[in-house]
Amino acid sequence: MTDRPPLPPFTEATAIQKVRAAENGWNGRDPEAVSLAYSEDTTWRNRDTFVTGRAEVVAFLAQKWERELDYRLIKELWSYTADRIAVRFVYECRDAAGQWYRSHGNENWEFDEHGLMRVRKASINDQLITEADRLFHWDAPGPRPDDHPGLTELGL
């Protein structure tokens, strides 16, 4: 088993590192690469969809990024304990017809001793926006630049 640092028990600094690593991974939009952050038997609830195991994670993310075009995500630490992290996040994307969305959500994560996420629970609400309302403008796919404002700085 390969460790995925930082490992629990988390401190504030390592929880922030874990959140940024997750954000960077999802902004890369590579389902196979993202799946490696999750345990083999990971369980998810994403809105009304339930996912179990890495293969289902890969399929879920591939479908997600086929319909959510120009996806860009920012995550922010909300709270943490020894092996759990809660985050809030916002992502922007558009559909094939060109309609832009800003999706606001919360996630609860639980990690195993190897730093792999074994549980992910996500609640998400979508907001229609215009292209002019977009706030996330870095080159994508790829990580948010270090000097790009986070959620708090953007007033989200």
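Residues numbered from 1 in each chain as written. Predicted model: local features only at pLDDT ≥ 70, side-chain atom pairs only at ≥ 80, totals over all residues. Heavy atoms only, no water.

Looking at an unreviewed UniProt entry, the protein chain carries the name Nuclear transport factor 2 (NTF2) superfamily protein, with the source organism given as Kribbella italica.

1. A closer look at unusual backbone geometry
A cis amide bond, omega -5 degrees, links P5 with the succeeding residue P6. Positionally, P6 belongs in the segment before α1 (12-28). Cis peptide bonds are those with omega within 30 degrees of zero, and the linkage from P8 to P9 qualifies with 5 degrees. In this structure, P9 sits in the segment before α1. Although it is not a glycine, R29 sits at a positive phi angle of roughly 55 degrees. Turning to its location among the elements, R29 is positioned in the loop between α1 and α2 (31-35). The backbone of R47 shows a phi angle near 60 degrees, a positive value even though the residue is not glycine. Overall, the relative accessible area of 28% leaves R47 in the partly exposed class. (Helix = DSSP H or I, 4+ residues; strand = E, 2+ residues; numbered from the N terminus. Buried < 20%, exposed > 50% of the residue type's maximum accessible area, 1.4 Å probe, protein only.)

2. Concerning the pattern of salt bridges
Opposite charge on two side chains lets them pair, provided their charged atoms get close. One pass over the structure, following the stated rule, counts 14 salt bridges. For R20, the salt bridge identified is with D146, shortest N-O distance 3.6 Å. You can see R20 sitting in helix α1 and its partner D146 sitting in the segment after β6 (117-129), a full 126 residues away along the chain. According to the relative accessible area criterion, R20 is partly exposed, its value standing at 21%. Note on D146: relative accessible area 76%, which makes it exposed. Where E68 meets K64, a salt bridge forms, and the shortest distance between an N and an O atom there is 2.7 Å. Each member of the salt-bridge network shares a partner with another, and the members are R20, E23, R144 and D146. (Salt bridge = Lys/Arg side-chain N within 4 Å of Asp/Glu carboxyl O.)

3. Considerations on α1
Along its 17 residues, α1 runs 25 Å from first to last C-alpha, staying within 8% of the 24 Å computed at 1.5 Å per residue. Buried residues of α1: T14, A15, K18, V19, A22, E23, W26 and N27, and no others. Once α1 ends, the next one or two residues include R29, with phi positive near 55 degrees. (Expected span 1.5 Å × (residues − 1).)

4. With respect to the nonpolar core
Counting residues in each nonpolar core, the largest one holds 26 residues, and the members touching the most others are W26, W44, L61, I85 and W109. For this core, the elements supplying multiple residues, two or more each, are α1, β1 (38-46), α3 (54-67), β3 (69-80), β4 (84-94), β5 (100-111) and β6. In terms of residue count, β4 provides more of this core than any other element does, five residues in total. Residues in contact with W44, not counting those within four places in the same chain, are W26, Y38, T49, F50, V51, V57, F60, L61 and R120. With five residues, the next largest nonpolar core counts I74, F136, W138 and L151 among its residues. (Core = buried A, V, L, I, M, F, W, Y, C linked by side-chain atoms within 4.5 Å. Contact = heavy atoms within 4.5 Å.)

5. Comments concerning the pairing of β3
In this sheet, β4 lies alongside β3 in antiparallel orientation, the contact comprising nine bridges. Among the inter-strand pairings, Y80 is bridged to a residue of β4, identified as I85. In this structure, the hairpin formed by β3 and β4 is closed by a connection of three residues. (Pairing = 2+ DSSP bridges.)

6. Here we look at the sheet that holds β5
Strand order in the open sheet formed by six strands is β2-β1-β6-β5-β4-β3, and the pairing between neighbours is mixed. Edge positions in the sheet fall to β2 (49-52) and β3, since each of these pairs with one other strand and no more. Across this sheet, the average inter-strand angle for adjacent strands is 20 degrees, counted without regard to direction. Where β1 lies against β6, five bridges are found, and the strand directions are parallel. Pairing of T43 across the sheet is with V119, part of β6. Docked against the sheet, α3 engages β1, β2, β3 and β4, running at close to 45 degrees with respect to β1. (Axes fitted to C-alpha atoms, helices over the stretch in contact; angles between N-to-C directions.)

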